[in-house]
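The chain contents come next:
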Amino acid sequence: MTHISDDNAKILTLLRSDDEANIRLAFQLCKGLDGKYSETVAKELRFYLFLCLENDLEQAYFENLDELILEFDEIDEITPQIAKLIRLKSLEVFEVALDDVPEEIGQLQYLKRLSLDTTNLAYFPVDICHLSQLEVLKMIDNHLAILPDDIGQLTQLTHLELGWNQLEKVPTTIGLLHQLTHLNLIKNQIRQLPPEIGRLTKLTALIVGHNTLTTLPKEIGALQNLRVLNADHNQLKTLPNTIGQLSSMYTLELRNNQITHLPSEIQQLQSLKTLHLADNPLSDAEKAKITQWLPQCNVIF
């Protein structure tokens, strides 16, 4: 018993040393004990997720893990051993500078939520598109320039958040995401939205502000459940006539565009409560007309 106690004390000292070589030595000692170490040691080991997975330690604990949050001071990479977290349903990684994401991430077949915010990624890891149960995908504040066509395979997605990237184009396969209710593409470099956006009939929020859009596709009128449309800080001159078909629209944000007029169909938006039109070159006559068209709405010029 004393011998085991001494081993535990030594391992704890090594694990708490903040020295990588010592920490790896502690893991080797634990492997040599065939799992016969204290619960205190076990708890310390679990702070080193990927070393545990690499050395097959604390397997029962990690195999049953269904939620994992990794921050900037906990890891510097995601290793292929991530595939051993077979029951993981939610994975959040943020403020970690990642060079890449291993293809093994695509093996997490129970994953429903994946967040890779502020991870410095310059490309979209295509293996994410194999996650057939994924409902929420967030990759905010990265350097993504291209969204792969394979994104259309994520047919269970309800939330897709890709703001603060460098995307120039949205693939037509976005239209296959029929369960999507929230699409956030703010602060990219998108020049146009594909007509297939109109197939997202469950969409309630579309955030495309701070891009370089000059028009919105007429197919947007098919989004009967859309309640919030944010297209601030673009280069829009007007809206398609089909805007009047958005019967659920509650908030419409169009600040800082080049809008000179709105189509008369906008007066059909009886549910609209807030319309932001500040910093657009609207004439006084056009402002008066819009205000008259929407008496129930707070129009902000």
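That block above? That's the structure.
The rules behind these values
Numbering of residues begins from 1 in every chain and follows the order in which that chain's sequence is written. With the structure being a predicted model, the display of local features is reserved for residues of pLDDT at least 70 and the display and counting of side-chain atom pairs for 80 or more, all residues being used for whole-chain, interface and lining totals. Side-chain metrics rest on all non-hydrogen atoms present in the structure, leaving aside hydrogens and water. Here a salt bridge means any side-chain nitrogen of Lys or Arg lying within 4 Å of a carboxyl oxygen belonging to Asp or Glu. Runs of E in the DSSP output that reach at least two residues are strands. Runs of H or I that reach at least four are helices, and both are numbered from the N terminus. Only protein chains enter the calculation, and the probe is 1.4 Å; a residue is then buried if its accessible area is under 20% of its type maximum, exposed if over 50%, and partly exposed in between. We call a set of buried residues a nonpolar core when its members are Ala, Val, Leu, Ile, Met, Phe, Trp, Tyr or Cys and they connect through side-chain atoms within 4.5 Å of each other. The criterion used for residue contact is that any of the two residues' heavy atoms lie within 4.5 Å. Each patch is built from residues that are more than 30% exposed by relative accessible area and take part in no salt bridge. Like charges join if they lie within 9 Å; nonpolar side chains (Val, Leu, Ile, Met, Phe, Trp, Tyr) join within 5 Å. In these tables, accessible area is a Shrake-Rupley quantity obtained with a 1.4 Å probe, and a residue counts as shielded only by the protein chains included in the view. In this tally, Asp and Glu contribute negative charge and Lys and Arg positive charge; neither His nor the terminal groups of the chain are included. A charge is said to be at NZ when it belongs to Lys, at CZ for Arg, at CG for Asp and at CD for Glu. Should DSSP find at least two bridges between two strands, the strands are taken to pair. What counts as an axis is a line fitted to C-alpha atoms, over the stretch in contact for a helix, and the angles between N-to-C directions run from 0 to 180 degrees. A 1.4 Å probe that fits into a set of points on a 1 Å grid over the protein atoms alone but cannot get out defines a cavity; an open set with protein on both sides within 12 Å along at least five of seven lines defines a pocket, and lining residues are those with an atom within 4 Å of a point. Grid points are joined across faces, edges and corners, and a volume is the space filled by probe spheres set on the points. Each residue receives one of three labels: charged for Asp, Glu, Lys and Arg, nonpolar for Ala, Val, Leu, Ile, Met, Phe, Trp, Tyr, Cys and Pro, and polar for the others, Gly being one of them. Polar contacts, as counted here, are pairs of nitrogen or oxygen atoms within 3.5 Å of one another; within protein the pair requires one atom able to donate a hydrogen and one able to accept it, and residues that are adjacent in sequence qualify only if both atoms are side-chain atoms.

Colleague: Is there a simple way to explain the pattern of salt bridges in this structure?
Modeller: Two side chains with opposite charge may pair up if their charged atoms get near one another. For the coordinates displayed, the defined rule picks out 14 salt bridges. Between Lys138 and Asp117 there is a salt bridge, and its shortest N-O distance comes to 3.3 Å. Taken together, the residues span a long stretch of sequence, with Lys138 in strand 4 (residues 136–138) and Asp117 in strand 3 (residues 113–117) at a distance of 21 residues. Using a relative accessible area of 18% as the deciding quantity, one classes Lys138 as buried. Arg191 serves as the salt-bridge partner of Glu168, at 3.5 Å between the closest nitrogen and oxygen. With Glu168 in the loop between strand 5 (159–161) and strand 6 (182–184) and Arg191 in the loop between strand 6 and strand 7 (205–207), this pair connects stretches of sequence that are 23 residues apart. Here the salt bridges share partners, and the residues they tie into one network are Glu20, Arg24 and Glu54.

Colleague: Please explain the environment of Glu67 as it appears in this structure.
Modeller: With respect to the secondary-structure elements, Glu67 resides in strand 1 (residues 67–70). Residue class for Glu67 comes out partly exposed when judged on its relative accessible area of 47%.

Colleague: Would you take a moment to explain the nonpolar core for this structure?
Modeller: Here is a general trend for soluble globular proteins: nonpolar side chains tend to be buried in one another's company. Leu91, Leu114, Ile128, Leu137 and Leu275 are the most contacted members of the largest nonpolar core, which has 93 residues in total. For Leu275, the residues in contact, after removing those within four places along its chain, are Leu252, Leu254, Leu262, Ile266, Ile290, Leu294, Cys297, Asn298, Val299 and Ile300.

Colleague: Before we go on, may I ask you to explain a negative patch on the surface in this structure?
Modeller: A contiguous patch of negative charge, built from Glu71, Asp73, Glu74, Glu95 and Asp141, is present on the exposed surface. Tracing the backbone shows Asp73 in the loop between strand 1 and strand 2 (90–94).

Colleague: Help me out: how do you make sense of the sheet that holds strand 10 (residues 274–276) in this one?
Modeller: What holds strands together in a sheet is hydrogen bonding between their backbones, with the strands either parallel or antiparallel. Read from one edge to the other, the open sheet built from eleven strands follows the order 1-2-3-4-5-6-7-8-9-10-11, with strand pairing classed as parallel. Every other strand in the sheet has two partners, leaving strand 1 and strand 11 (298–300) as the edge strands with one partner each. Ignoring strand direction, the axes of neighbouring strands in this sheet form an average angle of 5°. As paired strands, strand 3 and strand 4 are joined by three bridges and run parallel to one another. Within the sheet, the bridge partner assigned to Ser115 lies in strand 4 and is Lys138.

Colleague: Sorry, what's going on with the side chain of Thr173 here?
Modeller: If you trace the backbone, Thr173 turns up in the loop between strand 5 and strand 6. Since its relative accessible area comes to 18%, Thr173 is described here as buried. Here Thr173 is in contact with Pro148, Asp149, Ile151 and Gly152, once residues within four sequence places are set aside.

Colleague: Just to check I follow, could you spell out unusual backbone geometry for this structure?
Modeller: One can expect most non-glycine residues to show negative phi and most peptide bonds to be in trans. Residues other than glycine seldom take positive phi values, yet Trp164 does so here, at roughly 60°. Structurally, Trp164 is set in the loop between strand 5 and strand 6. At Asp279, a position not held by glycine, the phi torsion is positive, near 60°.

Colleague: Looking at this structure, how should I read the layout of surface pockets?
Modeller: Counted as a void, the largest pocket has a volume near 790 Å³. As for the largest pocket, its lining consists of 27 residues, and the residues nearest its centre are Phe47, Tyr48, Leu49, Glu74 and Ile75. Listing elements by their share of the lining of the largest pocket, those giving two or more residues are helix 2 (20–32), helix 4 (49–55), helix 5 (59–63) and strand 1. Considered class by class, the residues forming the lining of the largest pocket number 13 nonpolar, two polar and twelve charged.

Colleague: What's the story with the pairing of strand 2 in this structure? I'm lost.
Modeller: Two faces, one strand: in a regular strand the side chains alternate between the faces of the sheet. Counting buried residues in strand 2 gives four out of five residues, a clear majority hidden from the surface. The pairing of strand 2 with strand 3 spans five bridges and is parallel. The residue bridging Phe94 from the neighbouring strand is Asp117, located in strand 3.

Colleague: I'm lost on the environment of Gln224 in this one. Help?
Modeller: Structurally, Gln224 is set in the loop between strand 7 and strand 8 (228–230). The exposure class assigned to Gln224 is partly exposed, which follows from its relative accessible area of 35%. Between the alpha carbons of Gln224 and Leu269 there is a distance of 11 Å; along the sequence they are 45 residues apart. Excluding residues that lie within four positions of it along the chain, Gln224 makes contacts with Gln245, Ser247 and Ser248. Polar side-chain contacts of Gln224 include one of 2.8 Å to the backbone oxygen of Gln245.

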